[in-house]
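# Structural overview for review
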Amino acid sequence: MLRPIWGTSAAEINVDGEKWLAIADIHLGFEFEYIKEGVYIPDQTERMAEMLLSLGKEYDKLVIVGDLKHSIGMASWSAIRVRRFLDMITPHFQEILLAQGNHDGGISELLKSYETIRIVGSKGFALGDVWIFHGHARPLGESQNFDIGLMGHVHPSIKIKGKGKVAVWVLSETKCDGLPGSLVVMPPFNELLGYGDLLDLKQRGPVFPKCIELDSTEIFTLDGGYMGTLEYLVRGKDLLSLT
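Predicted, not measured: the structure shown is a model, and the values here were computed from it. Here, residues in each chain are numbered from 1, in the same order as that chain's written sequence. In keeping with the model being predicted, local features are shown solely for residues with a pLDDT of at least 70 and side-chain atom pairs are shown and tallied solely at 80 or more, while totals for entire chains, interfaces and linings include all residues. Based on all heavy atoms of the structure, the side-chain values leave hydrogens and waters out of the count.

## Thoughts on the pattern of salt bridges
The salt bridge criterion pairs a side-chain nitrogen of Lys or Arg with a carboxyl oxygen of Asp or Glu, the two atoms within 4 Å. Overall, the coordinates contain ten salt bridges when judged by the stated rule. When the shortest N-O distance is used, the salt bridge between Glu31 and Arg81 registers 3.8 Å. Linking Glu31 in helix α1 (residues 31-36) with Arg81 in helix α3 (residues 76-89), this pair joins segments that are 50 residues apart in sequence. In this structure, Glu31 and Arg81 share a single accessibility class: buried. Between Glu95 and Lys61 there is a salt bridge, and its shortest N-O distance comes to 3.2 Å. Of the two residues, Glu95 sits in strand β5 (residues 95-99) while Lys61 sits in strand β4 (residues 61-64), which places them 34 residues apart along the sequence. Assessed through its relative accessible area of 28%, Glu95 is described here as partly exposed. Helix and strand labels come from DSSP, where a helix needs a run of H or I of at least four residues and a strand needs a run of E of at least two; each type is numbered from the N terminus. Accessible area is worked out with a 1.4 Å probe on protein chains only. A residue is then buried under 20% of its type maximum, exposed over 50%, and partly exposed in between.

## Quick look at the state of the cysteines
Disulfides are defined as pairs of cysteine sulfur atoms found within 2.5 Å of each other. For the structure shown, the criterion picks out one disulfide. Between Cys176 and Cys211 runs a disulfide, and the two sulfur atoms are separated by 2.1 Å. One quick way to see it: the torsion about the S-S bond of Cys176 and Cys211 is about -90°, and its sign makes the bridge left-handed. On the criterion of sequence distance, the pair formed by Cys176 in the loop between β11 (164-173) and β12 (182-185) and Cys211 in the loop between β13 (196-197) and β14 (218-221) is long-range, its members being 35 residues apart. Given the relative accessible area of 0%, Cys211 is considered buried.

## Here we look at the sheet that holds β5
Two strands are counted as paired when DSSP detects at least two bridges linking them. The six strands are arranged β1-β2-β3-β4-β5-β6 in an open sheet whose pairing can be described as mixed. Strands at the two margins of the open sheet, each flanked by one partner only, are β1 (2-4) and β6 (117-120). Put simply, the sheet's adjacent strands are angled 20° from each other on average, direction ignored. As paired elements, strand β2 (residues 11-15) and strand β3 (residues 18-23) share five bridges and run antiparallel to each other. Within β3, the position partnered with Val15 by the bridge is Glu18. For helices, the fitted line uses only the C-alpha atoms of the stretch in contact; every axis is such a line through C-alpha atoms, and the angle between N-to-C directions lies from 0 to 180 degrees.

## Brief notes about unusual backbone geometry
Pro209 follows Phe208 through a cis peptide bond whose omega is 0°. Phi at Asp16 takes a positive value of approximately 50°, unusual for a residue other than glycine. Secondary-structure assignment places Asp16 in the loop between β2 and β3. The exposure class assigned to Asp16 is exposed, which follows from its relative accessible area of 81%. Of note, the phi angle at His27 is positive, near 55°, even though the residue is not glycine.

## Things to note about a positive patch on the surface
Within the patch definition used here, like charges are joined within 9 Å and nonpolar side chains (Val, Leu, Ile, Met, Phe, Trp, Tyr) within 5 Å, considering only residues with over 30% relative accessible area and no salt bridge. Each accessible area value is a Shrake-Rupley result obtained with a 1.4 Å probe; residue values ignore everything except the protein chains displayed when judging cover. The positive count covers Lys and Arg only, the negative count covers Asp and Glu only, and His and the chain ends enter neither. Lysine's charge is taken at NZ, arginine's at CZ, aspartate's at CG and glutamate's at CD. A cluster of basic residues, Lys159, Lys165, Lys202 and Lys237, forms a positive patch on the protein surface. Tracing the backbone shows Lys165 in strand β11.

## A short note on the nonpolar core
Core analysis: the largest hydrophobic core is formed by 27 residues, its most contacted members being Ile26, Leu52, Leu62, Leu68, Phe85, Leu86 and Ile89. The set of elements that each furnish at least two residues to this core consists of β3, α2 (45-55), β4, α3, β5 and α4 (108-111). Considering every element that reaches this core, the biggest residue donor is α3, with five residues. Setting aside its immediate chain neighbours within four residues, Leu62 contacts Trp20, Leu21, Ile23, Leu52, Ile89, Phe93, Glu95, Ile96 and Leu97. Only buried residues count toward a nonpolar core. Its members are Ala, Val, Leu, Ile, Met, Phe, Trp, Tyr and Cys residues joined through side-chain atoms within 4.5 Å. The contact criterion used is simple: two residues touch if any of their non-hydrogen atoms lie within 4.5 Å.

## Re α2
All of the buried residues in α2 are Thr45, Met48, Ala49 and Leu52. Considered in projection along α2, the buried side chains sweep an arc of 100° and stay on one side of the axis. Among the structural elements, β3, α1, β4 and α3 are those in contact with the buried residues of α2. Picture the helix axis, draw a direction to every C-beta atom, and the arc is the one those directions span.

## A look at the pairing of strand β15 (residues 226-229)
Pairing between β14 and β15: three bridges, direction antiparallel. Across the sheet, residue Phe220 finds its bridge partner in β15, namely Tyr226. As consecutive antiparallel partners, β14 and β15 are separated by four residues, and within that stretch Gly224 has a phi angle of approximately 95°, a positive value.

## As for the environment of Phe208
For Phe208, the position within the fold is in the loop between β13 and β14. When the C-alpha positions of Phe208 and Pro42 are compared, they lie 32 Å apart, and in sequence the two are 166 residues distant. Not counting residues within four places of it along the chain, the set of residues in contact with Phe208 comprises Met151, Val154, Val170, Val185, Leu198, Lys202 and Gln203.

Functional significance is not addressed by these values, which are geometric in nature.
Next up, the structure:
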């Protein structure tokens, strides 16, 4: 059983009475992207670890739904941040699963020194009755036997005039073969990342939004406030552009 933890960007998955904490898109080392643009942001590694530990007090099992780190390859500065982050959180979590994201290249060798961490390929894996995959690649065909899929990758948001892009949860039904019957798209755990505005319907990988039903895709704020279906919100944006 899967449920968003409202008020956060995390979810809970209950597997035979064992509770797993799920987060996506941490992007350790993302600060270097801002530095390239002339904006200095201090190293966020310890802050991200402390946020996770505070959120995970009730949990001893963690699943990361892709993009633990930001650099596509394994740069030395990236490895340092990943190790520092894992050294802080591994004493708390007895088991950690990582669904490999498009930014997690080269991380397998580093993770070998952590006995409690297991990385699974980009096509995902089953955790109880939920299929976990990052979303930059199609999941394994067997995922179609699952009613629910959990993915990240999209960094979903809705652009609101005067407020900018607001992070959201996405709950949708699918219309492509070889996918779970429905998808939950997680907002990124790292709230300083850029967000993808869902209203532009830009394709973000092979699944979203091509393989979802817009009229049954429901959008929720982090606090659980219902914003409407994606079709309704896109139609409203189009109507406003005509006025």
